[in-house]
Amino acid sequence: AQSVTQPDIHITVSEGASLELRCNYSYGATPYLFWYVQSPGQGLQLLLKYFSGDTLVQGIKGFEAEFKRSQSSFNLRKPSVHWSDAAEYFCAVGGGRDDKIIFGKGTRLHILP
Amino acid sequence: DAGITQSPRHKVTETGTPVTLRCHQTENHRYMYWYRQDPGHGLRLIHYSYGVKDTDKGEVSDGYSVSRSKTEDFLLTLESATSSQTSVYFCAISEAQGAGEKLFFGSGTQLSVL
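Residues numbered from 1 in each chain as written. Chains lettered and ligands numbered in written order. Predicted model: local features only at pLDDT ≥ 70, side-chain atom pairs only at ≥ 80, totals over all residues. Heavy atoms only, no water.

Caption draft 1: Molecular detail of the side chain of serine 49 of chain B. All names here are of chain B. Within the secondary structure, serine 49 is located in strand β5 (residues 42-51). There is a polar contact of 3.0 Å between the side chain of serine 49 and the backbone oxygen of glycine 51. Within the local environment of serine 49, its side chain forms a polar contact with the side chain of arginine 68, the two groups lying 2.9 Å apart. (Helix = DSSP H or I, 4+ residues; strand = E, 2+ residues; numbered from the N terminus. Polar contact = N/O pair within 3.5 Å; in protein donor to acceptor, adjacent residues only side chain to side chain.)

Structure, rendered in structure tokens:
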């Protein structure tokens with residue numbers, strides 16, 4: 001069965017520092033992989049998506065993610081965070097046409113001034 | 001932003017009371033979904049719809065029913081609310097079926113069952 005693990009419930013970084021949020025997935029074939037962001041009181045917004053091709057995917061708001069098949073990982077990165085990046089981040093995995101998207105439990109990002 | 005409106009935004013109700021949450025979209029997307037979000041659980045799919053009058057269960061469907069009589073409206077009903085259904089409920093839509101499709105989310109409904 002497909003699953004997603006986000007090992008870190010909370011992450012705190014200083015403004016201007018680099019960021020990496022971890023995501024590990026389990027899926028029998030090549031998965032669709034997503035990162036969504038949720039600002040307080042809002043719904044989720046798609047940051048980026050991967051299915052095939054270049055394993056480094058660029059998204060909105062300066063985020064990128066790298067797919068590593070050997071590690072079953074899809075970590076989200078940003079070279080320099082801004083206070084407005086404080087939010088909850090969800091990794092998600094999906095498979096074939098009839099599969100649903102399964103979300104991880106989320107990582108809440110805190111930014112220190 | 002995708003045109004998705006959830007109503008009400010907040011609701012407090014008592015155990016055993018029926019509750020209906022509404023999701024309205026202006027995008028004419030075929031697929032609509034109801035998720036619940038709980039601390040430590042992320043988002044879990046309750047029910048989804050792939051067209052008018054066509055619905056199916058998600059992973060946590062017990063205690064919930066849905067209806068879709070028009071493309072733009074997807075209703076989630078708790079026939080007899082329980083405290084375990086206290087949660088934030090999100091509606092989402094997508095243009096097509098398939099796990100590769102981008103989901104657009106509403107702003108959520110905070111439901112408290114006392």
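Caption draft 2: Representation of the sheet that holds strand β3 (residues 19-25) of chain B in the model. Residues and elements named next belong to chain B. Pairing is antiparallel in the open sheet, where 4 strands are placed in the order β1-β3-β8-β7. Only two strands of the sheet have a single partner each, and these edge strands are β1 (4-7) and β7 (64-70). When the angles between neighbouring strand axes are averaged without regard to direction, this sheet yields 20 degrees. Note: β7 against strand β8 (residues 73-78), 5 bridges, orientation antiparallel. The partner of tyrosine 64 across the bridge, within β8, is leucine 78. (Pairing = 2+ DSSP bridges. Axes fitted to C-alpha atoms, helices over the stretch in contact; angles between N-to-C directions.)

Caption draft 3: Geometry of the state of the cysteines. Residue and element names in this part refer to chain A. Per the stated rule, a full pass over the model turns up 2 disulfides over all chains. In this model cysteine 23 forms its disulfide with cysteine 91; the gap between the sulfur atoms is 1.9 Å. On the sign convention where negative is left-handed, the bridge of cysteine 23 and cysteine 91, at about -65 degrees about the S-S bond, is left-handed. Of this pair, cysteine 23 sits in the loop between β3 (19-21) and β4 (24-26) while cysteine 91 sits in strand β10 (residues 87-94); the two residues are 68 residues apart in sequence, bridging distant segments of the chain. (Disulfide = S-S within 2.5 Å.)

Caption draft 4: Highlighting the interface of chain A and chain B. In this assembly, 24 residues from chain A lie in contact with 21 residues from chain B. Together chain A and chain B conceal approximately 1,700 Å² of surface at their shared face, both sides included; 57% is due to carbon and sulfur atoms. Applying the counting criterion to the chain A and chain B interface returns 0 salt bridges. Joining chain A to chain B, the criterion identifies 3 residue pairs in polar contact (both at pLDDT 80 or more). Those elements that provide at least two residues to the side of chain A that touches chain B are β5 (32-38), β6 (44-50), β10 and β11 (102-103) of chain A. Considering every element that reaches the side of chain A that touches chain B, the biggest residue donor is β5 of chain A, with 4 residues. Classifying every residue of the side of chain A that touches chain B by side-chain character gives 9 nonpolar, 8 polar and 7 charged. (Contact = heavy atoms within 4.5 Å. Buried area = accessible area lost by both parts, 1.4 Å probe. Salt bridge = Lys/Arg side-chain N within 4 Å of Asp/Glu carboxyl O. Nonpolar A, V, L, I, M, F, W, Y, C, P; charged D, E, K, R; others polar.)

Caption draft 5: Spotlight on the pairing of β8 of chain B. Residues and elements named next belong to chain B. With 5 of its 6 residues buried, β8 lies for the most part within the structure. Pairing geometry for β3 and β8, over 6 bridges, is antiparallel. Considered in β8, the bridge of threonine 20 is made with threonine 77. Hairpin remark: β7 followed by β8, antiparallel, with 2 residues in the connecting loop. (Buried < 20%, exposed > 50% of the residue type's maximum accessible area, 1.4 Å probe, protein only.)

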